[in-house]
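Next come the chains, spelled out residue by residue.
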Amino acid sequence: MLTEKTYKSLSKAQALLDAEKYTEAGRALDNLLAQTETGSYDRAVVQQTIAYLYSERGQYDKAAEAFQKALDADALPDDVTHNLRYNLAQLLIADGQYKKGIGLMENWLQSETQADNDVFVLLATANYRVENHTKVIEYIRRAIRNDADPKEDWYRLLLSSHMSLKQYKSAIQVLETLITLYPYQKNYWEQLAALYMEQDKEFTSLAVRMLADRLDLGDPQTLINLADMYRYLRIPYKSGQLLQQAMDKGVIKNNFDNMEKLSQSWLAAREDELAAQSLQKMLPMDGSGKTHLKLGQLYIGMEQWQQAVSVLEQSQALLKGNDLGRVHVLMGTAFFNLEQLPQAKTAFSKAIAFEQQSNQAGQWIRHIDDQLKKAENEQDS
């Protein structure tokens, strides 16, 4: 603990600081410092207060020096020392001593369990100053992940570092996110077109430029058209990514038409799980049964037999004609793979009534009859 004399003198100096009487506070602290012993707790606390004074006056080099002296005394409690390291790291970075500040901040971060997101932004910015773009990407990505509403400048910092490292594919992904969030910023569209040209994708580059020139960049329809273009160019995964981001950010609506485009993109990209998630969300929006049928077919392809049965059962009262015949065939297939042969035979028997499914259903029924007869013979023997 502080001695009573130091405590009283420090309280008076602190009051001067609070009143922004910096010159008087500085004199009081210098006098008090001369009365304390080297390496003592009292001196370390006074050095700490002097550092705050310099920091308030914008004299970051002197503030950093005072904080370092307070730390060097090794007389302060661990939690105070921890906070001092953070303050010192901030000051070093603010004073342009980036490498030293980065090193100290990273050491501080190792023993900090709840670092504020500003720390990662600060480290990313400082690393950018020393052109350590790999570290910039690491820290700014952490900041983006941690924030529900990442700043535009963070994405621009990420983009710049990917460009500096010639990581053009990653840069394209960042630009697509920026376009999703800020479709009215024409420069992002131009950069995207330029990057596609850099990758010798002239047609895609031209299409992006034409799209940007012809459409109102403040209109969310622009993003939908860009997603359509990606599907047309056989880049369905990018189409899905763009639509998903736009929906997550509320830039375009989660309505049936947009969800259908999203499911088509994931299906074309063979992202079955993502396609299934999209189709599941569409079910309450569709009273025709068509979405149920698509999802049922997808579950069959994924060999998720029970899920297929559940969703196809819901579609029977909604569909007619050949679509209904397809449902019976699909349900028969699912029941067969679930080894529920009587239910499978019932489903295929219903499918026989539909011209386009009749032949296939008949073959299945003969196969099931053979299986049932074989099982019956085995029981009798």
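Residues numbered from 1 in each chain as written. Predicted model: local features only at pLDDT ≥ 70, side-chain atom pairs only at ≥ 80, totals over all residues. Heavy atoms only, no water.

Helix and strand content of the chain: 21 helices and 0 strands. The C-alpha radius of gyration computed for the chain amounts to 34 Å, which surpasses the reference 21 Å derived for 381 residues by more than 25%, pointing to a less compact arrangement than a globule. Principal axes of the C-alpha set define a box for the chain whose edges measure 105 × 60 × 35 Å. By residue count, 45% of the 381 residues in the chain fall in the buried class. As displayed, the chain offers around 20800 Å² of accessible surface, 45% of which is attributable to carbon and sulfur atoms. Averaging the coordinates of the 42 positive side-chain charges in the chain and doing the same for the 51 negative ones gives two points 3 Å apart. (Helix = DSSP H or I, 4+ residues; strand = E, 2+ residues; numbered from the N terminus. Rg over C-alpha atoms; globule rule 2.2 N^0.38 Å. Buried < 20%, exposed > 50% of the residue type's maximum accessible area, 1.4 Å probe, protein only. Areas by Shrake-Rupley, 256 points an atom, 1.4 Å probe, with all protein chains shown as cover. Lys, Arg positive; Asp, Glu negative; His and termini not counted. Charge placed at Lys NZ, Arg CZ, Asp CG, Glu CD.)

This part takes up unusual backbone geometry. Despite not being glycine, E131 shows a phi value in the positive range, around 60°. Its place among the elements puts E131 in the loop between α7 (117–129) and α8 (133–146). We classify E131 as exposed; its relative accessible area is 63%. For K166, which is not a glycine, the phi torsion comes out positive at approximately 60°.

Next up on the list: the packing of helix α3 (residues 41–56) against helix α4 (residues 60–72). Relative placement of two packed helices is described by the angle separating their axes and the distance separating the axes. For the pair α3 and α4, interaxial distance at closest approach is 8 Å and the crossing angle is 165°. Here α4 runs roughly antiparallel to α3, going by the angle between their axes. Helix-helix and strand crossings are classified by hand; for α3 and α4 the assignment is left-handed. Where α3 abuts α4, its residues A44, Q47, Q48, I50, A51, Y52, Y54 and S55 lie against Y60, K62, A63, A66, F67, K69 and A70. For the contact of α3 with α4, the class distribution of residues is 10 nonpolar, 3 polar and 2 charged. (Axes fitted to C-alpha atoms, helices over the stretch in contact; angles between N-to-C directions. Parallel < 35°, antiparallel > 145°, perpendicular 65-115°, else oblique. Left-handed = near helix turned anticlockwise from the far one by under 90°. Contact = heavy atoms within 4.5 Å. Nonpolar A, V, L, I, M, F, W, Y, C, P; charged D, E, K, R; others polar.)

In this section: the pattern of salt bridges. Scanning the model with the defined rule gives 9 salt bridges in all. Notably, a salt bridge pairs K238 with E176, separated by 3.6 Å at the nearest N-O pair. With a gap of 62 residues between them, K238 in helix α14 (residues 236–248) and E176 in helix α10 (residues 168–181) connect regions that are remote in the sequence. With a relative accessible area of 4%, E176 lands in the buried category. K345 is the partner of D369 in a salt bridge, and the nearest nitrogen-oxygen pair spans 2.8 Å. Remark: K345 occurs in helix α20 (residues 341–351) and D369 occurs in helix α21 (residues 355–380); sequence separation between them is 24 residues. (Salt bridge = Lys/Arg side-chain N within 4 Å of Asp/Glu carboxyl O.)

So, on to helix α17 (residues 290–301). For α17, which comprises 12 residues, the first-to-last C-alpha distance of 17 Å matches the rise-based estimate of 16 Å (1.5 Å per residue) to within 8%. E303 lies just past α17 and shows a positive phi near 60°. (Expected span 1.5 Å × (residues − 1).)

The tally for this structure, following the rule as stated, stands at 4 aromatic pairs. Measuring from ring centre to ring centre gives 4.7 Å for Y86 and W108, while their planes differ by 40°; the resulting arrangement is tilted. Taken together, the positions of Y86 in helix α5 (residues 78–94) and W108 in helix α6 (residues 98–110) put the pair 22 residues apart, joining distant regions of the chain. Accessibility expressed as a relative area gives 6% for W108, which makes it buried. Taken together, a centroid distance of 5.0 Å and an interplanar angle of 65° make the contact between F336 and W364 edge-to-face. (Phe/Tyr/Trp six-rings, centres within 6.5 Å; stacked < 30°, edge-to-face > 60°.)

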